[in-house]
Amino acid sequence: MHNRTVLHLRSFIVSVAIYALNIGCKPAPPAASQTAVQTGQGVYQYKEEDPTLKPFFSDRQGVIGRNGMVASAHPEASLVGLNILKAGGNAVDAAVAVQFALAVVYPGAGNIGGGGFMVYRDKSGKASTLDYREKAPGKATQNMYLDSLGNVRAGGLSLSGHLASGVPGSVAGMVQAHQKFGKLTWAQVLQPAIDLAEKGFPLTERDATGLNRIKADLLKYNPGKMYFMRPDGRAWAKGDTLLQADLGQTLRRIQTQGRAGFYAGETAQLVAAEMQRGGGLISEADLANYQAIWREPIRQGYKNFNVITMPPTSSGGVALVQLLRYIEPYPIRRWGWNRDSTVQVMIEAERRVYADRAKFLGDPDFMNVPAAQLMNRTYLQKQWETFNFSQATDSKTIHGGSLPGYESLETTHFSVVDRDGNAVSITTTLNGGYGSRVVVGGAGFFLNNEMDDFSIKPGTPNMYGLIGSQANAIAPNKRMLSSMTPTILERDGKLFMVVGTPGGSTIMTSVFQTVVNVIEHGMTMQQSVNALKFHHQWLPDKTIFENGAFSEATQKALISRGYMLEQLTNTLGRMDCVLVRPDGSFEGASDPRADNTAMGF
């Protein structure tokens, strides 16, 4: 009882601190470590000239800090990262600590049983990108989800259950990132996550709702286990303490043994045993053979900005550069935020980019991915020749271009900047919420359902409606294509923005709009996060938008030109971003519609 009281007192203290930093609708009074946000980039300030248009879903203010900033999907994880920075750790130390903390406090997307991407820029401007995306098991086959007639088998085998999981990459990625750039010891950056698992943490309302929602699946795919369920069988409630003893022991093995604590020994044996129990494919050999890969970052210009982003196996970096270059010739700042011409140009850019994604993008270790050609301005001009302001382009007439010589919604993103200006942008995922819904017996963590991100049958949409081709077909040890778009921007050669979001197929367009909102429309970082968004992905041929994103006039104009619009009942993007302000301080911005929290000092 005493420990539970201490935990609840700690929760109350943390909650009060978070409210002061980021949750309240009104900004806190200026102080030494926090000031009111004034302008987006110090050059052009957003002004809404149409009083009927309400572009923001919240009036949350950004968090200001001079010595470091962490923005993540959960307050406990952000606090872990902030404390690592305060203890003298650098941005990579904090990012590694946040990744493992999210695996404990945000099991729907935070993970050690999934994978992701890291974009890193050090204080001197040198950039690195790390691909720790999952891989298909060695026994995977191209037609493993098809029946004898070549049709996708019923039952959602690529979405739920043991056969849906790829070989996890998160632990390998964090080990390599820390070995190359970490400052504190490995034990130090792992300890906060261990404490959260073994001592427990109080559930937020959103935490409790999520766990209650998946109870039936937990019972279905984990017979005889009680992971993530209350021992008394009752529903979880806000403030309940979640203890995860088996996960704590798994994290301790990783803490003491490093990579071998996950990819060999007891943990690997537990994963392989779980696979055998449920008919999955991941073996101890698959785990032993997994490696995260350092890849050459994409660095491309947009006006006086430099975009540093993730190359394939992510499709997001190529797409972001294409999107920015498609709109570059147009005066969208003068046209205004989400006015009909602005939206039309952006929709048409998105339509063409997703067509390219379907045709050309896949695992570069298995095929030649023409990333440079896809970002080439001459190629993009050729693709743009069919654009006409008077009429929407029909997606049936758009295909991935012709090149000479020639592929979850529950993801999570976090951004970290330290006092020296080192910056990390990480997007990590299990794919769908809580992944495959399979918890590794004895180890206490969810496995991913990333196999659905392959094109399980060319031309058949995945869970996000994305169409793929042979370039993203299943093959043993191949990495599945991703939409994750962790990105860092420079302005005039200096660190400017760290950005990213979850959102499945909508990740790329949400990042695109968030960047454009600041650069072109003069929004602050938090305003850009708060701004309502829209999305088009080539197929199906429709534009989805958040309620309020388009004025009535914009909707009428777009419909008259042949655009099919669909208003969403849910939301797009849950951004966690950091902006460097003109005075050198950092503005942290997190989506207020969930538990996302920015903390700085």
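Sequence order as written defines the numbering, with residues in each chain counted from 1. Where local features are concerned, this predicted model is filtered to residues with pLDDT of at least 70; where side-chain atom pairs are given and counted, the filter is 80 or more; whole-chain, interface and lining totals use all residues. Only hydrogens and water are removed before side-chain values are computed, so all heavy atoms of the structure are retained for them.

Per an unreviewed UniProt entry, the protein is named Glutathione hydrolase proenzyme, and its organism is Fibrella forsythiae. UniProt positions are given in the numbering used here, feature names are shortened, and annotations may be inferred rather than shown by experiment. What UniProt states about the protein under its Sequence similarities (unreviewed entry) heading is, verbatim, "Belongs to the gamma-glutamyltransferase family." Within the UniProt record for the protein, the comment given under Subunit (unreviewed entry) is "This enzyme consists of two polypeptide chains, which are synthesized in precursor form from a single polypeptide."

Enquirer: Before we go on, may I ask you to explain the overall build of the protein in this structure?
Expert: Counting from the N terminus, the helices are DSSP H or I runs at least four residues long and the strands are E runs at least two residues long. Along the protein, the regular secondary structure elements total 19 helices and 19 strands. When a residue's accessible area, from a 1.4 Å probe over protein chains only, is under 20% of the maximum for its type it is buried; when over 50% it is exposed; and in between it is partly exposed. Within the protein, the fraction of its 601 residues that count as buried is 65%. Summed over all atoms, the accessible surface of the protein reaches about 21400 Å², with 53% contributed by carbon and sulfur. Note on areas: Shrake-Rupley, 1.4 Å probe, and residue coverage restricted to the protein chains presented here.

Enquirer: Just to check I follow, could you spell out the packing of aromatic side chains for this structure?
Expert: For any pair of aromatic rings, geometry is given as the distance between the ring centres together with the angle between the planes. Any two rings among Phe, Tyr and Trp, with Trp reduced to its six-membered ring, count as a pair given centres within 6.5 Å; such a pair is stacked if its planes are under 30 degrees apart, edge-to-face if over 60, and tilted if neither. Enumeration according to the criterion identifies 20 aromatic pairs in this entry. When the ring of Tyr 330 is compared with that of Trp 335, the centres are 5.9 Å apart and the planes differ by 40 degrees; the resulting orientation is tilted. Ring geometry for Phe 545 versus Phe 550: centroids 4.8 Å apart, planes at 25 degrees, classification stacked. Using a relative accessible area of 4% as the deciding quantity, one classes Phe 550 as buried. Look at NZ for Lys and CZ for Arg. If either is within 6 Å of the ring centre and within 35 degrees of the ring normal, a charge sits over the ring. Sitting over the ring of Tyr 263, Arg 259 keeps its end group 4.5 Å from the ring centre. Over the ring of Phe 57 we find Arg 593, and its NZ or CZ is 3.8 Å from the ring centre.

Enquirer: Just to check I follow, could you spell out the pattern of salt bridges for this structure?
Expert: Pairs can form between side chains of opposite charge once their charged atoms are near each other. We define a salt bridge as a contact between a side-chain nitrogen of Lys or Arg and a carboxyl oxygen of Asp or Glu at a distance within 4 Å. This model, assessed by the stated rule, comprises 31 salt bridges. The partner of Arg 66 in a salt bridge is Asp 583, with the nearest N and O atoms 3.1 Å apart. You can call Arg 66 partly exposed: its relative accessible area is 45%. Relative accessible area serves as the criterion here: at 42%, Asp 583 is assigned to the partly exposed category. Between Glu 490 and Arg 121 there is a salt bridge whose closest N-O contact spans 2.7 Å. A single burial state applies to Glu 490 and to Arg 121, both of which are buried. Bridged by salt links that share partners, the residues Asp 131, Arg 295, Asp 365 and Arg 479 form one connected network.

Enquirer: I would appreciate a short explanation of the side chain of Asn 472 in the present structure.
Expert: Mapping Asn 472 onto the fold places it in the loop between β11 (423-429) and β12 (487-491). For the purposes of these results, a polar contact is taken to be a pair of N or O atoms within 3.5 Å, where, inside protein, one atom must be able to donate a hydrogen and its partner to accept one; residues adjacent in sequence count only when each atom of the pair is a side-chain atom. Polar side-chain contacts of Asn 472 include one of 3.0 Å to the backbone nitrogen of Leu 481.

Enquirer: Whenever I open this one, the packing of helix α3 (residues 91-105) against helix α4 (residues 170-181) confuses me. Can you help?
Expert: Helices that pack against each other are described as a pair by the angle of their axes relative to one another and the distance between those axes. In this analysis an axis means a line fitted to C-alpha atoms, helices contributing only their contacting stretch, and an angle means the value between N-to-C directions, from 0 to 180 degrees. Look at α3 against α4: their axes get within 9 Å of each other, and the N-to-C directions meet at 160 degrees. Judged by the angle between their axes, α3 and α4 are roughly antiparallel. As α3 packs across α4, the resulting crossing turns out to be left-handed. Taken together, the residues of α4 that come into contact with α3 (itself represented by Val 92, Asp 93, Ala 95, Val 96, Gln 99 and Phe 100) are Ser 170, Val 171, Met 174, Ala 177, His 178 and Phe 181. Class assignment of the residues belonging to the contact of α3 with α4 gives a composition of 8 nonpolar, 3 polar and 1 charged. Each angle gets one of four labels, with under 35 degrees taken as roughly parallel, over 145 as roughly antiparallel, 65 to 115 as roughly perpendicular, and the rest as oblique. We call a crossing left-handed when the near helix sits turned anticlockwise from the far one by less than a right angle, and right-handed when that turn is clockwise. The contact criterion used throughout is that any non-hydrogen atoms of two residues lie within 4.5 Å. For this classification, Asp, Glu, Lys and Arg are treated as charged, while Ala, Val, Leu, Ile, Met, Phe, Trp, Tyr, Cys and Pro are nonpolar and the rest, including Gly, are polar.

Enquirer: Please explain the pairing of strand β3 (residues 115-121) as it appears in this structure.
Expert: Residues in a regular strand point their side chains to alternate faces of the sheet. With 7 of 7 residues buried, β3 lies mostly within the body of the structure. Burial of the side chains of β3 extends over both faces: Gly 115, Phe 117, Val 119 and Arg 121 are buried on one face and Gly 116, Met 118 and Tyr 120 on the other. Bridge count between β3 and β11: 7 bridges; the pairing is antiparallel. Bridge pairing in β11 links Tyr 120 to Val 424. Any two strands with at least two DSSP bridges between them are considered paired.

Enquirer: Is there a simple way to explain unusual backbone geometry in this structure?
Expert: Negative phi values dominate among residues other than glycine, just as trans dominates among peptide bonds. Residue Leu 539 is joined to Pro 540 through a cis peptide bond whose omega torsion reads -5 degrees. Structurally, the position occupied by Pro 540 is in the loop between β14 (534-535) and β15 (543-545). With phi around 65 degrees, Asn 477 is a residue other than glycine that occupies positive phi space. In this fold, Asn 477 is placed in the loop between β11 and β12.

Enquirer: In this structure, what is going on with the pairing of strand β8 (residues 298-302)? I would like to understand it.
Expert: Summarising the sheet, β8 and strand β9 (residues 305-309) pair through 5 bridges and their orientation is antiparallel. Bridging from a neighbouring strand, Ile 298 pairs with Thr 309 of β9. A loop of 2 residues connects β8 with β9, the two strands running antiparallel in sequence, and Lys 303 in this loop sits at a positive phi of about 55 degrees.

Enquirer: Help me understand α3, please; the structure alone is not making it clear to me.
Expert: Residues lying three or four places apart along an α-helix face the same way, a consequence of the helix completing one turn every 3.6 residues. Helices are assigned an expected span. That span is 1.5 Å times one less than the residue count. Its 15 residues place the ends of α3 20 Å apart at the C-alpha level, agreeing with the 21 Å of an ideal helix rising 1.5 Å per residue. Taking the backbone nitrogen of Val 92 as reference, a side-chain oxygen 3.1 Å away marks Asn 90 as the first, capping residue of α3.

Enquirer: What is the right way to look at the sheet that holds strand β16 (residues 565-567) in this model?
Expert: One key point about sheets: their strands pair by backbone hydrogen bonds, in either a parallel or an antiparallel sense. Reading across the sheet, the 3 strands line up as β14-β15-β16 and stay open at both edges, with mixed pairing between neighbours. The open sheet terminates on both sides in strands that have one partner only, identified here as β14 and β16. In this structure, β15 lies alongside β16, joined through 3 bridges in parallel fashion. Paired with Phe 545 across the strands is Gln 567, a residue of β16.

Enquirer: What is the right way to look at the nonpolar core in this model?
Expert: Most often, soluble globular proteins have nonpolar side chains that are buried together. Buried Ala, Val, Leu, Ile, Met, Phe, Trp, Tyr and Cys residues form a nonpolar core when they are joined through side-chain atoms within 4.5 Å. Membership of the largest hydrophobic core comes to 83 residues, with the highest contact counts inside it found for Phe 100, Val 104, Ile 112, Trp 186, Leu 251, Ile 254 and Phe 445. Setting aside residues up to four positions removed in sequence, Phe 445 forms contacts with Ile 112, Gly 113, Leu 247, Thr 250, Phe 262, Thr 267, Val 271, Val 438, Val 439 and Val 440.

Enquirer: Help me understand the packing of α3 against helix α8 (residues 245-257), please; the structure alone is not making it clear to me.
Expert: For the pair α3 and α8, interaxial distance at closest approach is 11 Å and the crossing angle is 165 degrees. Judged on the interaxial angle alone, α8 and α3 are roughly antiparallel. Crossing hand, α3 versus α8: right-handed. Here Phe 100, Ala 103 and Val 104 of α3 lie close against α8, whose contacting residues are Leu 247, Leu 251 and Ile 254. The class makeup of the residues in the contact of α3 with α8 is 6 nonpolar, no polar and no charged.

Enquirer: Looking at this model, I keep getting lost on helix α10 (residues 265-278). Mind explaining?
Expert: The terminal C-alpha atoms of α10 lie 20 Å apart, and with 14 residues this matches the ideal 20 Å at 1.5 Å per residue to within 8%. Regarding α10, the residues found buried are Thr 267, Ala 268, Leu 270, Val 271, Ala 272, Glu 274 and Met 275. Following α10 by one or two positions, Gly 279 has its phi on the positive side, about 80 degrees.

Enquirer: I'm lost on the sheet that holds strand β7 (residues 293-295) in this one. Help?
Expert: Read across the open sheet, the 7 strands follow the order β7-β4-β3-β11-β10-β2-β19; overall the sheet is antiparallel. Every interior strand has two partners, whereas the edge strands, β7 and β19 (597-600), have only one. Adjacent strand axes in the sheet meet at a mean angle of 15 degrees, parallel and antiparallel pairs treated alike. Relative to strand β10 (residues 411-418), strand β2 (residues 68-72) is paired through 4 bridges, and the arrangement is antiparallel. Bridge pairing in β10 links Gly 68 to Asp 418. Against the sheet, α4 contacts β3, β4 (127-132), β7 and β11, and its axis sits at roughly 155 degrees relative to β4.

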